[in-house]
Amino acid sequence: IRASGKTGEGVNDILRAIVERVPAPAGDPEAPLQCLIFDSVFNPFRGIIAYFKVVNGSICKGDNVKFIATEKEYDADEVGVLRLDMEPRAEVKTGDVGYIISGIKTSKEVKVGDTITHVSRPAKEGIAGFEEVKPMVFAGLYPIEAEDFENLRTSLEKLQLNDASLTFQPESSVALGFGFRCGFLGLLHMEIIQERLDREFNMNVITTVPNVSYKVYDKKGGCKEVHNPSGLPEPTLIDHIEEPFIRASVITNTAYIGPIMTLCLGKRGVLVKQEYISGDRVEIFYDLPLGEIVIDFYDKLKSISKGYASFDYHLHDFRESKLVKLDILLNGEPVDALSTLTHVDNSVSFGRRMCEKLKELIPRQQFEIAIQAAIGAKIIARETIKPVRKDVTAKCYGGDISRKRKLLEKQKEGKKRMKQIGTVEVPQKAFLAVLKLD
């Protein structure tokens, strides 16, 4: 262009000639179809719309396609490309970014990273890199109002469309009613889901104590993965329990090495190594049980380091540990939402703190409430909430003491009968008590 000295329309003519000579990137139309799904959205009238990039081959309207990971087959009712809006096309070719509408109703059938191919000429394998998401932290989500259960299910399904790492399944609790057992990648992911439920769907939920998955081996040699303390087999059937350990990396200032090491040792951590990055910065590697860090580890780390500590971790392995199921009983009835799996060394102090906290949070009733922490049949801690009492002896002015004693005994019998038929209402904040024991 510079050599020709042309300007204006002359330059446009030269550019047009160059564009015509450069071949457009196009794949072999007969090649096996491979489309990478990168997102999906929900349309109330047309079902789930999957967004994809055509890596190889081409896809046409009316094609019979298959999703490789889920092994589901569909007819492509409509395909097109994504511009400022969805633009329908008869064919979407290699290199195009488009969408497919095929009347999919269930969010689980569309997974980010999955590969779409033809049923007639399928690809030998999916696009590399797809893995089934393995959640690390589990917690129960329950609606505050029982009638919001279906709304919560719908909200979670919509969230799952563009967050493939969220998993959930229905469960019921004696104390909280019907809800869902959800799996998250970590504590941050759990907080994000809670926030999105509140902001995008206006759903107020109760979250139970987060815990991790354990491998329980029975005496016959079988292995079972347990995500919830209530799913633990009878203690007589258990041979041993393995819990997940992480390899944690903490980068901090040298001034905070002592307190951070004390914190990690208190969480049953094992020091692997420490490396000095620069003059006053050090990286400490610890092996820590994942169950110990899911509640308050990160908050404490930031507090003792005044914010000057970064924390990163990845799952390392499973190790055998002496774990016990700690049950909280209210008047002899276990509250499954407050049950936890904890290490035997921490169980007594943890149970005592739980009872003390619940005594503060549960309001007084007309009858006496016994709060107990138990491991199996053994009670390790107890607190008692005294009943609200009426002064029945107020009308007795003087006279024989037996009259007052008779009135008090009558009141005592009434309280005993009330305790047998009365139910304890546990406030919502009591379920979060475990998270804020300190």
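Let me begin by describing the structure that accompanies this report. (Residues numbered from 1 in each chain as written. Predicted model: local features only at pLDDT ≥ 70, side-chain atom pairs only at ≥ 80, totals over all residues. Heavy atoms only, no water.)

1. A word on the nonpolar core
If you look at the biggest cluster of nonpolar residues, it comprises 30 residues, and the most contacted ones within it are Ile260, Leu288, Phe297, Leu301 and Phe311. Among the elements that make up this core, the one with the highest residue count is strand S18 (residues 238-253) (5 residues). Not counting residues up to four positions away in its chain, the partners in contact with Leu288 are Pro244, Phe245, Ile246, Ala248, Cys264, Lys267, Gly269, Ile293 and Phe297. One finds Phe52, Ala76, Ile100 and Leu161 within the second-largest nonpolar core, a separate group that totals 20 residues. (Core = buried A, V, L, I, M, F, W, Y, C linked by side-chain atoms within 4.5 Å. Buried < 20%, exposed > 50% of the residue type's maximum accessible area, 1.4 Å probe, protein only. Helix = DSSP H or I, 4+ residues; strand = E, 2+ residues; numbered from the N terminus. Contact = heavy atoms within 4.5 Å.)

2. So, unusual backbone geometry
You will see that Arg268, though not glycine, has its phi angle at about 65°, which is positive. Residue position: Arg268 is located in the loop between helix H4 (257-266) and strand S19 (270-276). Even without glycine at this site, Lys306 takes up a positive phi of about 55°. By the element assignment, Lys306 lies in the loop between helix H6 (297-304) and strand S21 (309-321). Judged by relative accessible area, Lys306 falls into the exposed class, the value being 65%.

3. Quick look at a positive patch on the surface
Taken together, Lys390, Lys395, Arg403, Lys406 and Lys410 make up a surface patch of like positive charges. Its place among the elements puts Lys395 in the loop between strand S26 (378-385) and helix H8 (401-421). (Patch = residues over 30% accessible without salt bridge, like charges linked within 9 Å, V, L, I, M, F, W, Y side chains within 5 Å. Areas by Shrake-Rupley, 256 points an atom, 1.4 Å probe, with all protein chains shown as cover. Salt bridge = Lys/Arg side-chain N within 4 Å of Asp/Glu carboxyl O. Lys, Arg positive; Asp, Glu negative; His and termini not counted. Charge placed at Lys NZ, Arg CZ, Asp CG, Glu CD.)

4. With respect to the pairing of strand S10 (residues 115-118)
Residues in a regular strand project their side chains so that they alternate between the two faces of the sheet. Along S10, one buried face is formed by Thr115 and Thr117 and the opposite face, lined by Ile116 and His118, is buried too. As defined by bridge partners, strand S1 (residues 34-43) adjoins S10 across 2 bridges and the pair is classed as antiparallel. Each residue of the ladder has a partner; that of Cys35, found in S10, is Ile116. When strand S4 (residues 64-67) meets S10, the two strands line up antiparallel, connected through 3 bridges. Opposite Phe67, over in S10, you have Ile116 as the bridge partner. (Pairing = 2+ DSSP bridges.)

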